[in-house]
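Tertiary structure, described
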Amino acid sequence: MFNLIIFGPPGAGKGTQSAMLIEKYGLTHLSTGDVFRANIKGETELGVLAKSYMDKGELVPDSVTIAMVEDFVKSHEAKGFIFDGFPRTLSQGEALDEILTKFGTQINVVLALEVDEDELVKRLLERGKSSGRVDDQDETIIRNRFKEYNDKTEPLLAFYEKQNKANRVFGMGEIDEIFGRLCEAIDAKLNS
């Protein structure tokens, strides 16, 4: 089983690149947003619990998110997963390692898309014109999202760097150029 995590600040192109990586490598996409929505819609025990926090405007605790991720991994026959939106914190990264160990697998590669912040602001403001997303229409909010990402994700990236799994990938240029760089990093891990 080959598992990867894709990181990047808002607007880095994770969604675009994930779709292409899924197709090329035959991975199963695990997006925590999708997992949350499916559990809530299906009124699973975890979905009902998550909704109780969300309805109060509170963050869903790590324990609930981690349990949903574990259920997803357990219930899908996959040749590998691409994790998108999880893990986001060091404690979630440690929990993911424990989950995957239970299933006799591990994270093989972590891809971190690196894009100039001013370019990200430009991309998000442009996306905000068509997406209707309020958080993509205000530069102050956008820059705060970058701060959140940097504060929480950098320690997690260091965690994977210590395991020799992290790859920082230049995330500017044409979509196909960036995809090529990501594939080079994956193929290097697959062939090592």
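Described below are features of the structure shown in this document. (Residues numbered from 1 in each chain as written. Predicted model: local features only at pLDDT ≥ 70, side-chain atom pairs only at ≥ 80, totals over all residues. Heavy atoms only, no water.)

A separate point is helix α4 (residues 62-75). Across its 14 residues, α4 extends 20 Å between first and last C-alpha, which sits within 8% of the 20 Å expected from 1.5 Å per residue. Burial in α4 covers these residues: Val-64, Thr-65, Ile-66, Met-68, Val-69, Glu-70, Phe-72 and Val-73. Among the structural elements, β2 (28-31), α2 (32-41), α3 (45-54), β3 (81-84) and α5 (90-102) are those in contact with the buried residues of α4. (Helix = DSSP H or I, 4+ residues; strand = E, 2+ residues; numbered from the N terminus. Expected span 1.5 Å × (residues − 1). Buried < 20%, exposed > 50% of the residue type's maximum accessible area, 1.4 Å probe, protein only. Contact = heavy atoms within 4.5 Å.)

The subject of this paragraph is the layout of surface pockets. Volume-wise, the largest pocket comes out at about 1600 Å³. Along its surface, the largest pocket is lined by 46 residues, and Pro-10, Lys-14, Thr-32, Gly-85 and Arg-88 are the ones closest to its centre. Among the secondary structure elements, those contributing two or more residues to the lining of the largest pocket are β1 (4-7), α1 (14-25), α2, α4, β3, α6 (117-131), α7 (139-162) and α8 (175-190). It is α7 that provides the largest number of residues to the lining of the largest pocket, a total of five residues. Here the lining of the largest pocket is composed, by residue class, of 16 nonpolar, 16 polar and 14 charged. (1 Å grid on protein atoms, 1.4 Å probe; cavity = no way out; pocket = protein on both sides within 12 Å on 5 of 7 lines; lining within 4 Å. Points joined across faces, edges and corners; volume = space filled by probe spheres on them. Nonpolar A, V, L, I, M, F, W, Y, C, P; charged D, E, K, R; others polar.)

Right, let's talk about the side chain of Thr-28 for a bit. Structurally, Thr-28 is set in strand β2. Here Thr-28 falls in the buried class, since its relative accessible area comes to 19%. Filtering out sequence-adjacent residues up to four positions away, Thr-28 remains in contact with Phe-72, His-76, Ala-78, Gly-80, Phe-81 and Ile-82.

The subject of this paragraph is the sheet that holds β3. A sheet is described by the order of its strands in space; here five strands give the open sequence β2-β3-β1-β4-β5, paired in parallel fashion. In this open sheet, the two edge strands, each paired with only one partner strand, are β2 and β5 (166-170). Strand after strand, the sheet turns through a mean of 25° between neighbouring axes, direction not considered. With four bridges joining them, β1 and strand β4 (residues 109-114) adopt parallel strand pairing. For Ile-5, the partnering residue across the bridge sits in β4 and is Val-110. (Pairing = 2+ DSSP bridges. Axes fitted to C-alpha atoms, helices over the stretch in contact; angles between N-to-C directions.)

On to α6. Over its 15 residues, α6 extends 20 Å from the first C-alpha to the last, a length consistent with the 21 Å expected when each residue adds 1.5 Å. For α6, the full list of buried residues reads Glu-119, Leu-120, Val-121, Leu-124 and Gly-128. Structurally, α6 contributes buried residues whose contacts are with α7. Its side-chain oxygen at 3.2 Å from the backbone nitrogen of Asp-118, Asp-116 defines the N-terminal cap of α6. (Polar contact = N/O pair within 3.5 Å; in protein donor to acceptor, adjacent residues only side chain to side chain.)

Our focus in this paragraph is the packing of α6 against α7. Taken N-terminus to C-terminus, the directions of α6 and α7 make an angle of 130°; their axes are 10 Å apart at the nearest point. Of the possible angle classes, the one that applies to α6 and α7 is oblique. Note on packing geometry: the crossing formed by α6 with α7 is right-handed. Packed against α6, whose contacting residues are Glu-117, Asp-118, Leu-120, Val-121, Leu-124, Leu-125 and Arg-127, the element α7 presents Glu-139, Ile-142, Arg-143, Arg-145 and Phe-146 at the interface. Residues of the contact of α6 with α7, tallied by class, amount to six nonpolar, no polar and six charged. (Parallel < 35°, antiparallel > 145°, perpendicular 65-115°, else oblique. Left-handed = near helix turned anticlockwise from the far one by under 90°.)

Pairing between side chains of opposite charge can happen when the charged atoms of each approach one another. Per the stated rule, a full pass over the model turns up 15 salt bridges. Here Glu-126 makes a salt bridge to Lys-129, at a shortest N to O gap of 3.3 Å. Taken together, the residues Glu-126 and Lys-129, both in helix α6 and three residues apart, mark about one turn of the helix. The exposure class assigned to Lys-129 is exposed, which follows from its relative accessible area of 66%. Put simply, Arg-168 and Glu-161 hold a salt bridge, and the shortest N to O gap is 2.9 Å. A relative accessible area of 39% means that Arg-168 is categorised as partly exposed. Through salt bridges with shared partners, one network takes in Glu-114, Glu-154, Glu-161 and Arg-168. (Salt bridge = Lys/Arg side-chain N within 4 Å of Asp/Glu carboxyl O.)

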